[in-house]
Number of protein chains: 2
Amino acid sequence: MRTSQYLIPTVKETPSDAVVVSHQLMLRAGMIRKIAAGLYTWLPLGLKTLQKVETIVRQEMNKAGALEVLMPAAQPAELWQESGRWEQYGPELLRFKDRHQRDFCVGPTHEEVITDLARNELTSYKQLPMNMYQIQTKFRDEIRPRFGLMRGREFLMKDAYSFHVTQECLQSTYDKMHETYCNIFNRLGLDFRPVEADSGSIGGSSSHEFHVLADSGEDDIVFSTDSSYAANIEKAEAVAPATERQAPTQDKAEVATPDQKTIEEVTAFLNINANQVVKTLIVEGAVAEDHQGPAPLVALVVRGDHELNEIKAEHIAAVAEPLTFASDERIKDALGCSAGSIGPAGLDIPVYVDRSAAVMSDFVSGANKDGFHLTGVNWDRDAQITEVADLRNVVEGDQAPDGNGTLTIKRGIEVGHIFQLGTKYSEALGAKVLDQNGKAQTMIMGCYGIGVSRVVAATIEQNNDDRGMIWPDAIAPFQIGMVPMGKSDEVKELTESIYNQLTAMGYDVLLDDRDKKTSPGVKFADMDLIGIPHRIVISDRGLNNGTIEYKNRREADAQDIAKDDIVSFLTNTVKH
Amino acid sequence: MRTSQYLIPTVKETPSDAVVVSHQLMLRAGMIRKIAAGLYTWLPLGLKTLQKVETIVRQEMNKAGALEVLMPAAQPAELWQESGRWEQYGPELLRFKDRHQRDFCVGPTHEEVITDLARNELTSYKQLPMNMYQIQTKFRDEIRPRFGLMRGREFLMKDAYSFHVTQECLQSTYDKMHETYCNIFNRLGLDFRPVEADSGSIGGSSSHEFHVLADSGEDDIVFSTDSSYAANIEKAEAVAPATERQAPTQDKAEVATPDQKTIEEVTAFLNINANQVVKTLIVEGAVAEDHQGPAPLVALVVRGDHELNEIKAEHIAAVAEPLTFASDERIKDALGCSAGSIGPAGLDIPVYVDRSAAVMSDFVSGANKDGFHLTGVNWDRDAQITEVADLRNVVEGDQAPDGNGTLTIKRGIEVGHIFQLGTKYSEALGAKVLDQNGKAQTMIMGCYGIGVSRVVAATIEQNNDDRGMIWPDAIAPFQIGMVPMGKSDEVKELTESIYNQLTAMGYDVLLDDRDKKTSPGVKFADMDLIGIPHRIVISDRGLNNGTIEYKNRREADAQDIAKDDIVSFLTNTVKH
């Protein structure tokens, strides 16, 4: 492609409303343009990369035996009513009435539609397993669309759904998808990690997320130093400390701690470490649907230097889901002091204690009395444990749950997620097949998503410098950039010849044919901003020495290549 | 692909709610499934063809230098308010409010969004011409979605928009798109015609439609027997008869024609031909925007055997647009008789007369008096002509407007449309660039659409028989079908070997590996239904003679091919 026949409206200034680097650079490089909050037009340069990602995803899904389908974006409310999600889903679901006043939504996901298809078209276990996918534009009415394509309202998604009669069969397809996702992200050229994840409200028993590692990531990803263990911090198990609880050596004593409320204030005031204090958090307890009056309260205790993991807390049966912290008023009414003064000693509600807090002795806690703390508190003697549980986020240096090594934490951007869904949707919609014994059986489902447009943004978050983006060869909009300098016939002819050769070989080449009014510096800056991984400069000066300058976007220095070798050099260098 | 690993849920019975053959066959062949009125899921088989069409469209658009972009489906109301279409567009436009109560629509077309992009990104004539296109799912809330994919609510469209500073430049891109569309429909393997079309309400000066010829088409397409002239009947000019008007030979006379209202009744009653009568139709006249009271009336006169062309009538400045027939009540009030008794003689409103009616003499017409007609009516002497105009649909045998040959009429399905849009949107949105003289100039636009999903349906409408569809090679979901018969090792091994060879060469091959419980007859019927253009049968009986049976879907008889030649035979036969 010649720049004169293309549209790359690069911008020098960083747009003021773009916070994250991928958003900034995609705007600056002329890859996307915003038309409304969370809605973007993909310009030619951006679309080229998006389509390359899409192609790799499609090829690997096909290789894995998944069948591509295309479901409508508009979905009738009836299906969502059958699954119960018409009521459950919040305002992120774009609902509309058609001209006949029938209810529809624009699908943010397609479990209902695919399960409806499966119940109509699949009749026998012999047709299973079946894994169907689509690559489709979805809509999610985010309350605050932000970060460009990282959290837009319209986005391109690959969503797959598999159907099975046995858990073993689901596991096998699930494993295949795990492998396929690794193949996809490897081919994309990304530094990524599959991590164990919480299945969340979508239900099901097993779930992995695929994260692109990037400092700007929204998620904390936990790794073992010595094993392949990796998990989202939401899920990563904080194992029990190896040390056992020591016998008490101190008596419990009340100390006045006027106006000392936070852990930082209390530890500074008492001159102790945070790991000698416990934090006691009061949340609402789970209640039956027909429960009258306020929910019971439940106490959650973690060590002062640890953070409560809300997802883990939600998994406790006695705790309300979603996790709801009791209001200050409620705490005062029920427990007689403010939230900051609560401690486990003498507390007349269930007390769930994190594994690390449960082995503490002679510790400090709130006194359940404003303005005071207790020192020398000991479990059993002074405070009762209802149950010990894993309640906290892991921290760097924790023992890995598989016993191999310790944990480190990095930031990640979620670009893929695979679930074992179970029978949530097939049960609700009555999607059954006949099994080997001729008996109707509800199908077991898996589902597998990749945020295709998000991958583009995540790639940039992971691959950029102060000059712009740096594309992996596989999804660079153009793999090779050419900048001719000088007006000699040789420069012109050689430029055309190399361009034609490379293009004929199937490389995506961007030839900057802007005239002399655009300086070489501007041309180089644009190539760098766009992130073209391989650049050559054909100049009179170089040709006088019989060479063409080659520069890899990731390397500091250029190198001179004999002009006759440039094409073979590039074909050896560029991953194709 | 092996049928055992695929999903082709064929159905024997013709679905009762499917009227047109493409809809029936796509449901029966398991290419699509309906999820709500006008909303379909593309199953794997259907999607394969859809994607092949999409690929050919994309390749040819790229070859023509058009730049692919992808605009959001959701569009902010503000842009449509700028163009005025937010008010003008009827309930086919799906409007919605987002969670912040802002108005949006789901785009049935993207003139506003692309013009907004152009006004922001294009600044100089040097960047022009620019032609941008997308291939995207659109939504149109049809009042009565029908005919499956022919008139669905969600559909895949290729829409392109070009920008220019001169009419010559627009004409050049327009011609290029005309040529590109011919290339596309030729590559798709369709019998099609580009025809002149009325530009309609979208405005602009020139317009062509591309029609797939099929008896089931909704449009009448007019061709010359001797030239390349072709036009939609809406547009096709009915030239003035070569014969001049004869002098009157009869006196005007009133005859009682009790209860004879239609042309058929009157001609039968008076024992004359329909071409000796005129039809006089009363429509509302055009009025200024601030006009008070009822619109004036206008009479339109065509020969009794001709049909009024409403589009042509609308083009008369004195006639209201859209064309509105006066109510019986209004006619009675204003003209003193019922609509069926109107005639031009003595009529005190403007009378527009079709060219063929204007050369009649001694003709019969209504008497403007219920229960009577006039005979021996003559223009000028008995009835006044306000203006002679082209007001009728052409009929078979009419003189071609270019003077070469006569006209024939076929049915067509519109699958593409190219327009010279002019400045309608660029003017409204203020999309300007600086011209050679540094002066801001409103850009001139063209737009170019192809109904990608409609092409799939139209192809079936054109290519089918009582056994099913017949795909052109280029877009067949599978080009080659293989049916192994017999359990011998040779059948098995040769089947695998041929399948692997053809697949490795890039052919899409469907191997029917269903077991013996499915009879060969059923397998053949499925292959025919799906419309696979080339079928081979590897059987013990054939192999005993060293042959494999080949059958072309379009031919009645199979032929035996030496087994060693089958692959080369197929590669020579199948268009790839």
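Residues numbered from 1 in each chain as written. Chains lettered and ligands numbered in written order. Predicted model: local features only at pLDDT ≥ 70, side-chain atom pairs only at ≥ 80, totals over all residues. Heavy atoms only, no water.

## With respect to the packing of aromatic side chains
Counting across every chain of the model gives 21 aromatic pairs over all chains. Pairing B:Tyr181 with B:Phe210 gives two aromatic rings, centres 5.1 Å apart and planes at 55°, and the pair type is tilted. Pair noted here: B:Tyr181 is in helix 6 (residues 167-188) and B:Phe210 is in strand 10 (residues 207-213), with a separation of 29 residues, a long-range link. Of the two residues, B:Tyr181 and B:Phe210, both sit in the buried class. Connected via pairs of aromatic rings, a cluster forms that spans A:Tyr181, A:Phe185, A:Phe192 and A:Phe210. A cation over an aromatic ring shows up here: A:Lys369 above the ring of A:Phe372, its NZ or CZ 4.6 Å from the ring centre. (Phe/Tyr/Trp six-rings, centres within 6.5 Å; stacked < 30°, edge-to-face > 60°. Helix = DSSP H or I, 4+ residues; strand = E, 2+ residues; numbered from the N terminus. Buried < 20%, exposed > 50% of the residue type's maximum accessible area, 1.4 Å probe, protein only. Lys NZ or Arg CZ within 6 Å of the ring centre and 35° of its normal.)

## Side note on the confidence of the model for chain A
Per-residue pLDDT for chain A has a mean of 95; in total, 99% of the residues score no lower than 70. This prediction of the complex comes with two scores: 0.93 for pTM and 0.93 for ipTM. (pLDDT = per-residue confidence, 0-100.)

## Digging into the sheet that holds strand 30 (residues 559-562) of chain A
All names here are of chain A. Strands sit in the order 27-26-28-29-30 across an open sheet of 5 strands; the sheet is mixed. One side of each edge strand has no neighbouring strand; the edge strands of this open sheet are strand 27 (509-511) and strand 30. Recorded for the sheet is a direction-independent mean angle of 25° between the axes of neighbouring strands. By the bridge criterion, 4 bridges tie strand 28 (residues 534-539) to strand 29 (residues 547-552) in an arrangement that is antiparallel. Within strand 29, the position partnered with isoleucine 536 by the bridge is tyrosine 550. The strands that helix 13 (residues 489-504) touches are strand 26 (480-485), strand 27, strand 28 and strand 29; relative to strand 26, the one it contacts most, it runs at about 170°. (Pairing = 2+ DSSP bridges. Axes fitted to C-alpha atoms, helices over the stretch in contact; angles between N-to-C directions. Contact = heavy atoms within 4.5 Å.)

## Observations concerning helix 1 (residues 21-28) of chain A
All names here are of chain A. Counting buried residues along helix 1, 7 of its 8 residues qualify, which places the element largely inside the surrounding structure. Inspection of helix 1 places Ser22, His23, Gln24, Leu25, Met26, Leu27 and Arg28 among the buried residues, and these make up the whole buried set. Glycine 30 occupies a position one or two residues after helix 1 and carries a positive phi of about 70°.

## Notes on the pairing of strand 28 (residues 534-539) of chain B
Successive residues of a regular strand alternate their side chains across the two faces of the sheet. Residue and element names in this part refer to chain B. Counting buried residues along strand 28, 6 of its 6 residues qualify, which places the element largely inside the surrounding structure. Alternating positions in strand 28 separate into two faces, His534, Ile536 and Ile538 on one and Arg535, Val537 and Ser539 on the other, with burial throughout. In the sheet, strand 26 (residues 480-485) pairs with strand 28 via 6 bridges, with the strands oriented parallel. Bridged to valine 483 within strand 28 is valine 537.

## With respect to the relation of the copies chain A and chain B
Each of the two chain copies can be brought onto the other by rotation about an axis and movement along it. Mapping chain A onto chain B calls for a rotation angle of 180° and an axial translation of 0.1 Å; the resulting RMSD is 0.1 Å. One copy is carried onto the other by what is essentially a two-fold rotation axis. When C-alpha positions in chain A are compared against the rotation axis, the closest is assigned to A:Phe96, at 3.1 Å. Here 100% of the contact residues of chain A are again contact residues in chain B; the copies associate through an equivalent surface. (Least-squares fit on C-alpha atoms with pLDDT ≥ 70 in both.)

## Thoughts on the nonpolar core
A:Phe163, A:Phe185, B:Phe163 and B:Phe185 are the most contacted members of the largest nonpolar core, which has 211 residues in total. Apart from the residues lying within four places of it in its own chain, the contact partners of B:Phe185 are B:Leu190, B:Phe192, B:Phe210, B:Val415, B:Gly416, B:Ile450 and B:Val455. (Core = buried A, V, L, I, M, F, W, Y, C linked by side-chain atoms within 4.5 Å.)

## Quick word on the interface of chain A and chain B
Opposite the 51 residues of chain A that make contact, chain B presents 51 residues. Roughly 4200 Å² of surface becomes buried between chain A and chain B when both sides are summed, with 65% attributable to carbon and sulfur atoms. Among the residues of chain A in contact with chain B, A:Ile35, A:Leu70 and A:Arg99 are the three that bury the most area, contributing 16% of the side total. A:Arg153 serves as the salt-bridge partner of B:Asp98, at 2.8 Å between the closest nitrogen and oxygen. Our enumeration of links across chain A and chain B arrives at 16 residue pairs in polar contact (both at pLDDT 80 or more). Every element with two or more residues in the side of chain A that touches chain B is listed here: strand 1 (32-36), strand 2 (39-42), helix 2 (44-63), strand 3 (67-68), strand 4 (74-76), strand 5 (94-97), helix 5 (111-121) and strand 7 (130-139) of chain A. Here the element with the most residues in the side of chain A that touches chain B is helix 2 of chain A; it accounts for 5 residues. (Buried area = accessible area lost by both parts, 1.4 Å probe. Salt bridge = Lys/Arg side-chain N within 4 Å of Asp/Glu carboxyl O. Polar contact = N/O pair within 3.5 Å; in protein donor to acceptor, adjacent residues only side chain to side chain.)

## Side note on the environment of B:Ala247
All names here are of chain B. You can see alanine 247 is positioned in the loop between strand 12 (230-232) and strand 13 (253-256). Judged by relative accessible area, alanine 247 falls into the exposed class, the value being 56%. Separated by 115 residues in the primary sequence, alanine 247 and aspartate 362 place their C-alpha atoms 8.5 Å from one another.

## Focus: empty space enclosed by the protein
Residue and element names in this part refer to chain B. Enumeration according to the criterion identifies 1 cavity of 30 Å³ or more in this entry. For the largest cavity, the calculated volume is near 30 Å³. Contributing to the lining of the largest cavity are Asp528, Ile532, Pro533, His534, Arg535, Lys551, Asn552 and Arg553. Breaking the lining of the largest cavity down by element, the ones donating at least two residues are strand 28 and strand 29 (547-552). (1 Å grid on protein atoms, 1.4 Å probe; cavity = no way out; pocket = protein on both sides within 12 Å on 5 of 7 lines; lining within 4 Å. Points joined across faces, edges and corners; volume = space filled by probe spheres on them.)

## Observations concerning the packing of helix 2 (residues 44-63) of chain B against helix 6 of chain B
All names here are of chain B. One can describe the packing of helix 2 onto helix 6 by two numbers: an axis separation of 10 Å at closest approach and a directional angle of 150°. As helix 2 packs across helix 6, the resulting crossing turns out to be right-handed. Every residue of helix 6 that contacts helix 2 at Val53, Ile56, Val57, Gln59, Glu60 and Met61 is listed here: Met177, Thr180, Asn183, Ile184, Arg187 and Leu188. When its residues are assigned to classes, the contact of helix 2 with helix 6 shows 7 nonpolar, 3 polar and 2 charged. (Left-handed = near helix turned anticlockwise from the far one by under 90°. Nonpolar A, V, L, I, M, F, W, Y, C, P; charged D, E, K, R; others polar.)

## Considerations on the environment of A:Asn378
All names here are of chain A. Tracing the chain through its elements places asparagine 378 in the loop between strand 18 (372-377) and strand 19 (387-389). Judged by its relative accessible area of 2%, asparagine 378 falls in the buried class. Sequence separation between asparagine 378 and proline 248 is 130 residues; the distance between their C-alpha atoms is 6.2 Å. Once residues within four sequence positions are removed from consideration, asparagine 378 is found in contact with Pro248, Gln250, Ser361, Asp362, Phe363 and Ala383. In terms of polar contacts, asparagine 378 uses its side chain to reach the backbone carbonyl oxygen of glycine 376, at 3.2 Å.

## Brief notes about the sheet that holds strand 13 of chain B
Either a parallel or an antiparallel arrangement is found when strands of a sheet pair, and the pairing is made through backbone hydrogen bonds. All names here are of chain B. The sheet built from 3 strands is open, its strands ordered 13-18-17 with antiparallel pairing. Bordering the open sheet on either side are strand 13 and strand 17 (363-366), each of which pairs with just one other strand. Going from strand to strand, the sheet's axes swing by 30° on average, the running direction of each strand aside. Of the pairings in the sheet, the one linking strand 17 to strand 18 (residues 372-377) comprises 3 bridges and is antiparallel in character. Bridge pairing in strand 18 places phenylalanine 363 opposite valine 377.

## Here's the deal with the pattern of salt bridges
For side chains of opposite charge, pairing can occur when their charged atoms come near one another. On inspection of all chains with the given rule, the structure shows 80 salt bridges over all chains. The salt bridge partner of B:Glu60 is B:Arg187, with a shortest N-O separation of 2.8 Å. In this pair, B:Glu60 is assigned in helix 2 and B:Arg187 in helix 6, connecting sequence segments 127 residues apart. For B:Glu60, a relative accessible area of 4% gives the class buried. Residue B:Arg187 is classed as partly exposed on the basis of its relative accessible area of 35%. One salt bridge connects B:Arg514 with B:Asp526, and the closest N-O pair in it is separated by 2.9 Å. Of this pair, B:Arg514 sits in the loop between strand 27 (509-511) and helix 14 (520-530) while B:Asp526 is found in helix 14, placing the two residues 12 residues apart along the sequence. Connected through salt bridges with shared partners, the residues A:Arg140, A:Glu142, A:Arg151, A:Glu218 and A:Arg454 form a single ionic network.

## Looking at unusual backbone geometry
Residue A:Pro129 is bonded to the preceding A:Leu128 through a cis peptide linkage, with omega at -5°. Within the fold, A:Pro129 resides in the loop between helix 5 and strand 7. Even without being glycine, B:Gln101 reaches a positive phi, approximately 65°. Along the polypeptide, B:Gln101 turns up in the loop between strand 5 (94-97) and strand 6 (103-106). A residue is classified by how much of its surface remains accessible, and B:Gln101, at 54% relative accessible area, is exposed.

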